[in-house]
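Notes for the structure review
These are the residues of each chain, in order.
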Amino acid sequence: MAVKVLIVEDNPVARSFLCRVVRESFSDTIVITEAGDLETARRQIATQSGSSAVTPTDPFKLILVDLELPDGNGMELLAELARYPATKIVTTLYSDDDHLFPALQCGADGYLLKEDRFEVLVEELQKIVRGQPPLSPAIARRLLTHFRHGSGGGDTAPAPLAPSGFQSSRPMPIGKGAPLDHERLTPRESEVLTYLSKGFTIKEIASLMGIKWFTVNDHIKSIYKKLNVSSRAEAAVLASKQGLV
Amino acid sequence: MAVTGSSLPGADALRERVGAGAAAPSGTGESAFDSGLLDRGFVSESSLSRWMGWRLRLLVVAALLGCLGLFFLARWLGDPPHIDATWRPNAQGQLELAYTGDPQLKPHLGLALIGIVGGDVSVAVADVLTLQRSSRWLIADNERHRHRAMHEQIATALSHHSVRLFFSDGNVVEMQLQRRGFAGLGGMFWLLSAFALVLYLVAMVVLLARPTGLNLLYAIMALCQTGNLVFIAVESTLELALPAPFPRLDMPLRMAFDMVTAAALVNVVCLHPRRLPGAGWIAIMVWAGVAAIVGATTNGLLADVWWWTQAGASAMGLFVIGLLTWSYRIEPHPFAIVLRRFCIVSISTWMLLTVALAAAAQAPGVQNNIAGIGSMIWYVFLGSLLLLVPFLSKSQQIMREFSLLAAISTVATSLDLLFVAVFSFGQFASLTLSLFLSVGVYAGARQWILNQLLGSSMLTTERMFEQLYRIAREVEAHPARTPTLLSQLLRELFEPMEVLVVDKHTTATRILADGSAIILPVPELENGFDPEAGARSIVLRFAHRGRRLFTSEDARLADRIVEQLRRAVAFDKAVEQGRSEERARLAQDLHDDIGARLLTLMYKAHSPEMEEYVRHTLQDLKTLTRGLAAPTHRLSHAAAEWKADLTQRLTAAHIELGWNFSFDEDIVLSVVQWSALTRVLRELVSNIIAHAQARRVDIDFSLEKDRLDLSVLDDGVGRNPRAWSHGLGLGGVRKRVKQLGGEVEWRELSPRGIGCRVIIREFSGRR
């Protein structure tokens, strides 16, 4: 069965470039849907998934979203698709944590910098889909601060994301038993984040911590999840406080 | 800190109660009574608050008693019949009718009175002694006896409603006398008695607010002077004679008042502002001496009572000045200086008055004037001094006004006495002339007097503003140094002997310990930099190197300065915020517009070189906008990003990176430094990736003692760097390094590769 991909990007040149990147990255049959703005993207998702956006019959497996769109910010779409079972990737020109961190909080599984070379983008995309999302020192620093101060959310965390089709089958280290885990990092995760914030590479961290490099990646993935879940818990608590739910 | 210790909370409690009770202007909840003599507590706080209600009631009772007393005194004085006439001495030393409202007496204006007959009492009026208001100010004992006898006789004669007056031309006037009434007592009586009442009330408030030994002594002094003022007020109503007990009581009581006041002053000075060694013994001796003199004179054992009184009071006054000087040597409390000034002024005028009176003994009319006017002015002056003392540290304005009053009245009194004694001017002429001259002298010497009395503020306004803004900038840079910087500013402003930062929470700026210290809370100028900051206070002690008292105006000034500092910091922050918002907006626009176009250009590039060139441009644009948006970068953070970025790019090019980064201080890079270093590193690495065919790049970065060393070494195929065309890339590196004030060189490495070395000797020099 073909893998369905949605690319939301207003610049047609960039869109076709990203299409090439996606096709180059995976050996599966790829069906690409393109959208130039948020409106089109929403329509496409609705038609693809029928009535329910949460449990679509034949969902997109991969969604690339540009942050700067003519009719709004890509983060809006990310927030709407919080429970949509797809790997969501932000494609942007912004590489600073001020722009990227909120996107990650909205549930992005990774980010691609549009000015990177074709080969670099292909490799990065493959990594994200395999479960090795990028994490720049600035964002790692931001994450450390975020988790150190605590997100203050309640313990009614929603269920973790349903696994998307591309995800690796490695079990998540995220603890299901402890309700507060979603807003706390394990010591190992903190350690990984600290090293990342100092600019160490995954390999260097692995050797410093005496673990395999893919274990480091698992930690990073887990941190991503926790960030997303904790921010969603935060939003849920906020919403219930404001009487929205 | 003894100053900030136990005395304060009590004073606060006092302030509320007394402020409400005495109906003082307590709009701000601040009455005058938390300072001055009240501040030094000898009573524990708990018992203080327990007794407050009781004291308040007592104060009301005392006030009522005072008013009632005044009322009955006036009523009693107004009751006896009187002759509606004014008398004055004439050239022959006789009693001449100067003015009358009575038509019966009108024809006799200018004639001398020689006798009064009322009922069965007849009095011969031989001279003008009866016009002498106070027997206290008669020098000779026998004169005083005669004065008393004459007054008693005339009073008895006048107490009959029908009297006959014998004039020098032989005429006899038979008169029916009328009651005098309140209106007949004259303005002077009411003024003086009102003043006496105020003094009495202040004494009561001070005593009841905090009944300590010191306050008791103050109350004794104030009450004695109240007594003196009451006597003077009563004597001001004199026409021909005073009612019965006054002539007899005048000398003993008033002399006792003076002596007790002087003794109490000595006692106070022994204890305040500092307890002197042997204070108890000095006090006991002084009190014993005073008791002996008063006892002896009342029982008639001592002749020349006036001389004894004047000499005793002068001696004690001089002694007080000596004690205050001693006290200031032990501890430079500015209160001692102020008290000493007051004492010097009052003692010198007292002695002047004594000498003038003694010198004028040959001219009875002149002596009469000096004794009446001079002594009255002196007592009013002393009374106002006493009134001022509890409020000393409250307001500079009071001090200033008082200094005006003191200076004018002192100069006027001395000139008046001088004219009257030496030139035998008339009373009115001499008073006018002396007032006129003294106002002139005051106007000339005003600044000097103010400086002497208050000490002047040394810091000019201009310098203060300069300091204020300098400190505002520094506070912004180092919020933790706020207390130190603020102390420094206040030190220059007030020139205190001591500045302390204490870990004590204060809510408002206020004056402590009789104005010898001021305490103000350290303001939180930066939000949330230090949760402990609110709990600290700055204490300044002994203003103007111990020669000046802090007043509530100083407290307000300090508050205003803190407020200005707060505003300056807030203003700087607002400006900085505005600038950074503007920069961020600019960066956003650049990034969004130019960035998107460059991206399109890059995707459409026809050759890899063109694509790489545009990518490069795009990255430079991003660096530029990033620098604009985030004006400061910590070195360690920047290093982490450099490393992550370079690692990613080199890994993609299959080149190994050796990264060595060290620094002795994690400085904050300016935009210029950050973007220059970022671009230099990127340019050098790009160059290696593009041309060197290297397998490994070693980057060494060290920042030590402000010297930056950067070396980028590759093992590529590059040779002879001098022959390189310094195109856009390497020219850019040179330009950036030059911008930072450093130098760059390339050289060949053996066996292969190129090394680039950047040295910046004073890295923080160009920010």
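Residues numbered from 1 in each chain as written. Chains lettered and ligands numbered in written order. Predicted model: local features only at pLDDT ≥ 70, side-chain atom pairs only at ≥ 80, totals over all residues.

Within chain B one finds 20 helices and 19 strands. Taken over 767 residues, chain B has a buried fraction of 41%. Pairs at least 24 apart in sequence give 71% of the contacts found in chain B among residues at least 6 apart. (Helix = DSSP H or I, 4+ residues; strand = E, 2+ residues; numbered from the N terminus. Buried ≥ 20, exposed ≤ 12 C-beta atoms within 10 Å, placed from the backbone. Contact = placed C-beta atoms within 7 Å.)

The subject of this paragraph is the overall build of chain A. Assigned secondary structure in chain A consists of nine helices and seven strands. Residues classed as buried in chain A amount to 44% of the 245 residues present. Taking as baseline every contact in chain A between residues at least 6 positions apart, the subset at least 24 positions apart corresponds to 68%.

B:A203, B:V266 and B:I518 are the most contacted members of the largest nonpolar core, which has 132 residues in total. Per-element tally for this core: the top contributor is helix 6 (residues 245–271) of chain B, with 15 residues. When residues of this core are sorted by domain, at least three fall in each of domain 1 (83–179) and domain 2 (455–631) of chain B. When near neighbours in sequence (up to four residues on either side) are disregarded, B:V266 contacts B:I282, B:A283, B:V286, B:M316, B:F319 and B:V320. Listed in part, the 66 residues of the second largest apolar core include A:F60, A:L93, A:L196 and A:L227. (Core = buried A, V, L, I, M, F, W, Y, C linked by C-beta atoms within 7 Å. Domains from an automatic or database assignment.)

Another aspect to go through is the confidence of the model for chain A. All names here are of chain A. Mean pLDDT over chain A stands at 75; residues scoring 70 or higher make up 74%. At the low end of the mean pLDDT range in chain A sits helix 9 (residues 213–241), at 72; at the high end sits strand 3 (residues 62–66), at 89. The low-confidence segment residues 151–180, where pLDDT is below 50, has 49 contacts with residues more than four positions distant or belonging to other chains. (pLDDT = per-residue confidence, 0-100.)

All names here are of chain B. Of the two faces of strand 19 (residues 754–760), the one holding I754, C756, V758 and I760 is buried and the one holding G755, R757 and I759 is not buried anywhere. Bridge count between strand 17 (residues 707–714) and strand 19: six bridges; the pairing is antiparallel. From the neighbouring strand, S711 faces strand 19, where its bridge partner is R757. Of the strand pairs in this sheet, strand 18 (residues 743–748) and strand 19 are connected by six bridges, and their pairing is antiparallel. Note that in strand 19 the partner of R747 across the bridge is G755. Taking the residues between adjacent antiparallel strands as the criterion, strand 18 and strand 19 are bridged by five residues, where G753 takes a positive phi near 100 degrees. (Pairing = 2+ DSSP bridges.)

The next point concerns the interface of chain B and chain A. As a measure of interface size, the accessible area lost when the parts come together is often cited. Each side of the interface is counted separately: chain B has 22 residues, and chain A has 20 residues. Elements that contribute at least two residues to the side of chain B that touches chain A include exactly helix 16 (552–603), helix 17 (608–629) and helix 18 (635–652) of chain B. Across the side of chain B that touches chain A, the residue classes tally to nine nonpolar, six polar and seven charged. (Nonpolar A, V, L, I, M, F, W, Y, C, P; charged D, E, K, R; others polar.)

Attention now moves to the packing of helix 5 (residues 213–235) of chain B against helix 6 of chain B. Residues and elements named next belong to chain B. Look at helix 5 against helix 6: their axes get within 9 Å of each other, and the N-to-C directions meet at 155 degrees. Considered as vectors, helix 5 and helix 6 are oriented roughly antiparallel to each other. Considering how the two elements wind past one another, helix 5 and helix 6 form a crossing that is left-handed. Here L214, L217, Y218, I220, M221, C224, Q225, G227, N228, F231 and V234 of helix 5 come into contact with helix 6, specifically with F246, D250, L253, R254, F257, V260, T261, A264, L265, N267, V268 and L271. Here the contact of helix 5 with helix 6 is composed, by residue class, of 16 nonpolar, five polar and two charged. (Axes fitted to C-alpha atoms, helices over the stretch in contact; angles between N-to-C directions. Parallel < 35°, antiparallel > 145°, perpendicular 65-115°, else oblique. Left-handed = near helix turned anticlockwise from the far one by under 90°.)

Another point: the packing of helix 17 of chain B against helix 19 (residues 671–692) of chain B. All names here are of chain B. One way to put it is that helix 17 packs onto helix 19 with a least axis distance of 9 Å and a crossing angle of 160 degrees. On the basis of their axis angle, the class for helix 17 and helix 19 is roughly antiparallel. For the pair helix 17 and helix 19, the sense of crossing is right-handed. Where helix 17 abuts helix 19, its residues H616, Q619, D620, T623, L624 and G627 lie against V671, W674, S675, T678, R679, R682 and S686. Residues belonging to the contact of helix 17 with helix 19 are distributed by class as follows: three nonpolar, seven polar and three charged.

Residues and elements named next belong to chain B. Reading across from one edge, 14-16-17-19-18 is the order of the five strands in this open sheet, with mixed pairing throughout. The open sheet has two free edges, formed respectively by strand 14 (656–663) and strand 18, since each of these has just one partner strand. The mean angle between the axes of side-by-side strands here comes to 10 degrees, regardless of whether they run parallel or antiparallel. As paired elements, strand 16 (residues 696–704) and strand 17 share eight bridges and run antiparallel to each other. From the neighbouring strand, D700 faces strand 17, where its bridge partner is S711. Here helix 18 sits on the sheet and contacts strand 14 and strand 16; the angle it forms with strand 14, its principal contact strand, is near 175 degrees.

All names here are of chain A. Between its first and last C-alpha, helix 5 (residues 118–130) extends 18 Å over 13 residues, near the 18 Å set by a 1.5 Å rise per residue. Taken as a whole, helix 5 has its buried residues at L121, E124, L125, I128 and V129. Summarising the axial view, the buried residues of helix 5 lie within an arc of 130 degrees, below the 170-degree limit, and thus occupy one face. Where helix 5 is buried, its residues contact helix 1 (12–25), strand 6 (87–92) and strand 7 (110–113). A positive phi of about 95 degrees marks G131, the residue just after helix 5. (Expected span 1.5 Å × (residues − 1). Arc of directions from axis to C-beta.)

Take the environment of B:F465 next. Residue and element names in this part refer to chain B. Among the structural elements, F465 can be located in helix 13 (residues 461–477). What makes F465 exposed here is the crowd of 12 C-beta atoms within 10 Å. The sequence separation of F465 and L565 amounts to 100 residues, and the corresponding C-alpha distance is 9.7 Å.

Moving on, we get to the sheet that holds strand 2 (residues 30–35) of chain A. Residues and elements named next belong to chain A. Strand order in the open sheet formed by five strands is 2-1-3-6-7, with parallel pairing between adjacent strands. Looking at which strands have only one partner, the edges of the open sheet turn out to be strand 2 and strand 7. Taken over all neighbouring pairs, the strand axes of this sheet differ in orientation by 20 degrees on average, direction set aside. Two strands pair when backbone bridges link them, and strand 1 (residues 3–8) and strand 3 are joined in this way by four bridges, in the parallel orientation. Along strand 3, the bridge assignment pairs I7 with L64. Along the sheet, helix 5 makes contact with strand 6 and strand 7, crossing strand 7 at roughly 175 degrees.

Our next topic: unusual backbone geometry. Backbone phi values are negative for most residues with the exception of glycine, while trans is the configuration of most peptide bonds. All names here are of chain B. Following S750, the chain continues to P751 via a peptide bond in cis, the omega torsion being 0 degrees. As for its placement among the helices and strands, P751 is situated in the loop between strand 18 and strand 19. With a phi angle near 60 degrees, H654 is a residue other than glycine that sits in the positive phi range. Inspection of the secondary structure puts H654 in the loop between helix 18 and strand 14. Despite not being glycine, K705 has its phi angle at roughly 50 degrees, a positive value. Structurally, K705 is set in the loop between strand 16 and strand 17. Taking the C-beta count within 10 Å as the criterion, K705 has 9 such neighbours and is therefore assigned exposed.

This paragraph deals with the pairing of strand 5 (residues 121–124) of chain B. A regular strand carries its side chains on alternate faces of the sheet. Residue and element names in this part refer to chain B. Summarising the sheet, strand 4 (residues 112–118) and strand 5 pair through four bridges and their orientation is antiparallel. By the bridge assignment for strand 5, I116 is matched with V123. As consecutive antiparallel partners, strand 4 and strand 5 are separated by two residues, and within that stretch G119 has a phi angle of approximately 60 degrees, a positive value.

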